[in-house]
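Below are the chains, spelled out letter by letter.
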Amino acid sequence: METQSQYQLLHAEGSATPIKGWVRGVPLEEQAHRQLQNIATLPFVGPWVAVMPDVHLGKGATVGSVVPTRGAIIPAAVGVDIGCGMAAVRTTLQAKDLPDNLAQLRSSIERGVPVGNGRGGDHHRMPASVETRLAASGLYERLQAIKAKHRRIRTDKLDRQLGTLGGGNHFIEICLDQTDAVWVMLHSGSRGTGNLIGTYFIERAREELAHRVLGFHLPDKDLAFFMEGEPLFEDYVEAVSWAQDYARHNREAMLARVLDEMRHRLPTFQLDRLAVNCHHNYVQRETHGGESLLVTRKGAVSAREGELGIIPGSMGTRSYIVRGKGNPDSFHSCSHGAGRVMSRTAARQNITLSQHRAATAHVECRKDAGVIDESPAAYKSIDAVMAAQTDLVEVLHTLRQVLCVKG
């Protein structure tokens, strides 16, 4: 499919590695811009860096960036929420099949799916379906093999968190599309075990950095890396692959639990064939322009030609089911959401409870101070984000949420 790219060049004058940014009409904070320029200085990064319209400052690498590397991998660029992503499925239900008051349905989903961080976000008694999935997946055996080489990696969260939501920006939503069809959509990742794996290997990369003789300036210790051929490189690839698979299973298990709760409270329904399950924090080997690259998507979604993806807005705005256009300039990628315009601290300081309640008046969701940092005002305009990437994706379905569960 022929596309005319609408990116802007964001690299510093004289930079050897270009930065292509889909940022027309959306804010780009100066700190995030500097962070992008820092990562582009690394000699193994390239042929260019792609920046999505939901871009904002991150730890290690900028959220909303696609960072290709040759012969090296940066653990902090992938981050600690390895395999975080989205899942969605369309049902045969229509808006008229939902009760006027969705409070009971929200409560039953929150009882059926552990939400939040800490012990409350774990299974107290693991559902049989989750136990069966874990046994059949091979995840336990693969993690034991990783732990045999890296004893500091903990495995005690593995079974207790498969099929659980977590906290922060993770959510479960019931949505209606443009035809009033009912969808289930959720956002989560590899939970505590993935976090521990990410944290461990970021620390190991920093330790390795102390022993390296660099022929270049490393502007940020969070850009510490492993080189291909080193044992830690192979071990990290194995561990990150495990976490990405765990994240996908986690979303599938959670989706099954949500649908089970819906079956108890709603009219009989079936699932449509249209379902999506996609990562947006991950790394994998891909070929672009005939070159084999390690592509890290830090808050970005794969958007190969014809590939389906999910771009969520915020608690009170629209979300989109999209189809990729396979734009080579973005390494076949698109944004993973709206992107923050306020840090969590700034959101808690600047958004009032009454503003949050007004912005989410049409949604059955939490209206308390504990979710102020996730209020719609903390995010960029999803309309502006979508307008900035029309050369990357086409919209198939526009979803508006009527129920939102937050951890």
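Residues numbered from 1 in each chain as written. Predicted model: local features only at pLDDT ≥ 70, side-chain atom pairs only at ≥ 80, totals over all residues. Heavy atoms only, no water.

S.K.: Looking at this model, I keep getting lost on the sheet that holds strand β12 (residues 291-298). Mind explaining?
M.R.: Through backbone hydrogen bonds, the strands of a sheet pair up, either in parallel or in antiparallel fashion. Within the open sheet, the six strands sit side by side as β1-β2-β3-β4-β12-β11. Their pairing is mixed. The sheet is open, and its two edges are formed by β1 (8-9) and β11 (281-288), each paired on a single side. The pairing of strand β3 (residues 49-56) with strand β4 (residues 63-69) spans three bridges and is classified as antiparallel. Considered in β4, the bridge of alanine 50 is made with valine 66. (Pairing = 2+ DSSP bridges. Helix = DSSP H or I, 4+ residues; strand = E, 2+ residues; numbered from the N terminus.)

S.K.: It is not clear to me how the side chain of aspartate 373 should be interpreted in this structure. Could you clarify?
M.R.: Relative to the assigned elements, aspartate 373 resides in the loop between α9 (353-359) and α10 (382-387). Look at aspartate 373 and you get buried, because its relative accessible area is 10%. Apart from residues no more than four positions distant in its own chain, aspartate 373 is found in contact with Arg340, Arg344, Ala347, Arg348 and Ala378. (Buried < 20%, exposed > 50% of the residue type's maximum accessible area, 1.4 Å probe, protein only. Contact = heavy atoms within 4.5 Å.)

S.K.: Can you walk me through the sheet that holds strand β14 (residues 308-311) in this structure?
M.R.: Ordered by their spatial adjacency, seven strands build an open sheet running β10-β6-β8-β7-β17-β15-β14, and the pairing between neighbours is antiparallel. Of all strands in the sheet, those bounded by a partner on one side alone are β10 (271-279) and β14. When strand polarity is set aside, the average angle formed by the axes of neighbouring strands in this sheet is 30°. Its contacts with the sheet place helix α3 (residues 103-112) against β7 (171-176) and β17 (393-406), and it is angled at close to 85° to β17. Lying over the sheet, helix α7 (residues 231-265) contacts β6 (85-94), β7, β8 (181-188) and β10, oriented at roughly 140° with respect to β8. (Axes fitted to C-alpha atoms, helices over the stretch in contact; angles between N-to-C directions.)

S.K.: Quick question: what am I supposed to make of the nonpolar core here?
M.R.: Here is a general trend for soluble globular proteins: nonpolar side chains tend to be buried in one another's company. One finds Phe201 and Trp242 to be the most contacted residues of the largest nonpolar core, which totals 94 residues. Once residues within four sequence positions are removed from consideration, phenylalanine 201 is found in contact with Pro75, His150, Ile153, Phe226, Leu232, Asp235, Tyr236 and Ala239. Grouped together as the second largest cluster of nonpolar side chains are 25 residues, Leu105, Val258, Leu266 and Leu403 included. (Core = buried A, V, L, I, M, F, W, Y, C linked by side-chain atoms within 4.5 Å.)

S.K.: What am I meant to see in the pattern of salt bridges here?
M.R.: Side chains that carry opposite charge are capable of pairing whenever their charged atoms lie near each other. Going through the model one piece at a time under the given rule, you end up with 32 salt bridges. The residue lysine 96 makes a salt bridge to aspartate 97 at a minimum N-O spacing of 3.7 Å. Judged by relative accessible area, aspartate 97 falls into the partly exposed class, the value being 22%. One salt bridge in this structure joins arginine 152 and glutamate 203, with 3.3 Å as the shortest N-O distance. Residue arginine 152 is located in the loop between α5 (139-149) and β7, and its partner glutamate 203 is located in helix α6 (residues 191-209); the two are separated by 51 residues in the primary sequence. (Salt bridge = Lys/Arg side-chain N within 4 Å of Asp/Glu carboxyl O.)

S.K.: So what exactly am I meant to see when it comes to the state of the cysteines here?
M.R.: Covalently bonding the sulfur atom of one cysteine to the sulfur atom of another cysteine gives a disulfide. By the definition in use, this model includes zero disulfides. Cysteine cysteine 404 remains unbridged, with the sulfur of cysteine 365 as its closest cysteine sulfur at 5.8 Å. (Disulfide = S-S within 2.5 Å.)

S.K.: What is the right way to look at α6 in this model?
M.R.: Because an α-helix completes one turn every 3.6 residues, residues spaced three or four positions apart along the sequence face the same direction. Taking 1.5 Å of rise per residue, 19 residues should cover 27 Å, and α6 covers 27 Å from first to last C-alpha, within 8% of that figure. Along α6, the residues classified as buried are Arg191, Gly192, Thr193, Gly194, Ile197, Gly198, Tyr200, Phe201, Ile202, Arg204, Ala205 and Leu209. Where α6 is buried, its residues meet α2 (75-78), α5, β8, β9 (226-227) and α7. (Expected span 1.5 Å × (residues − 1).)

S.K.: Got a minute to help me understand the pairing of β4 in this structure?
M.R.: In terms of burial, β4 is a largely internal element, seven of the seven residues being buried. Counting the residues in the hairpin turn of β3 and β4 gives six residues, including glycine 60, whose phi is positive at 90°. One ladder, built from five bridges, connects β4 with β12; its direction is antiparallel. Bridge pairing in β12 links threonine 69 to leucine 294.

S.K.: Mind showing me how you'd approach the packing of aromatic side chains here?
M.R.: This model, assessed by the stated rule, comprises 10 aromatic pairs. Geometrically, the ring pair formed by tyrosine 200 and phenylalanine 201 is edge-to-face, given 4.9 Å between the ring centres and 85° between the ring planes. With relative accessibility at 0%, the residue phenylalanine 201 sits in the buried group. Aromatic pair phenylalanine 201 and phenylalanine 226: ring centres 6.3 Å apart, planes at 85°, arrangement edge-to-face. Here the residue phenylalanine 201 occupies a position in helix α6, and phenylalanine 226 occupies one in strand β9, the gap between them amounting to 25 residues. Assigned by exposure class, phenylalanine 201 and phenylalanine 226 land together as buried. Here the aromatic residues Tyr200, Phe201, Phe226 and Tyr236 are joined through ring pairs into a cluster of three or more. (Phe/Tyr/Trp six-rings, centres within 6.5 Å; stacked < 30°, edge-to-face > 60°.)

S.K.: Just to check I follow, could you spell out the environment of methionine 126 for this structure?
M.R.: Mapped onto the elements, methionine 126 comes out in the loop between α3 and α4 (128-137). Sequence spacing of methionine 126 and glycine 163 is 37 residues, and the spatial spacing of their C-alpha atoms is 9.3 Å. Apart from the residues lying within four places of it in its own chain, the contact partners of methionine 126 are Glu131 and Asp159.

S.K.: Please clarify how the environment of glycine 25 should be interpreted in this entry.
M.R.: Relative to the helices and strands, glycine 25 resides in the loop between β2 (19-21) and α1 (30-40). Along the sequence, glycine 25 and valine 385 sit 360 residues apart, while their C-alpha atoms lie 7.9 Å from each other.

S.K.: What's the story with the packing of α5 against α7 in this structure? I'm lost.
M.R.: Where α5 contacts α7, the two axes come as close as 10 Å, and the packing angle between them is 150°. Taken together, α5 and α7 sit at an angle that is classed as roughly antiparallel. The crossing of α5 and α7 is left-handed. Along its contact with α5, which presents Leu139, Arg142, Leu143, Ala145, Ile146 and Lys149, the element α7 presents Asp235, Glu238, Ala239, Ser241, Trp242, Asp245, Tyr246 and His249. Its residues assigned to classes, the contact of α5 with α7 comprises seven nonpolar, two polar and five charged. (Parallel < 35°, antiparallel > 145°, perpendicular 65-115°, else oblique. Left-handed = near helix turned anticlockwise from the far one by under 90°. Nonpolar A, V, L, I, M, F, W, Y, C, P; charged D, E, K, R; others polar.)

These figures come from the coordinates and say nothing about function on their own.
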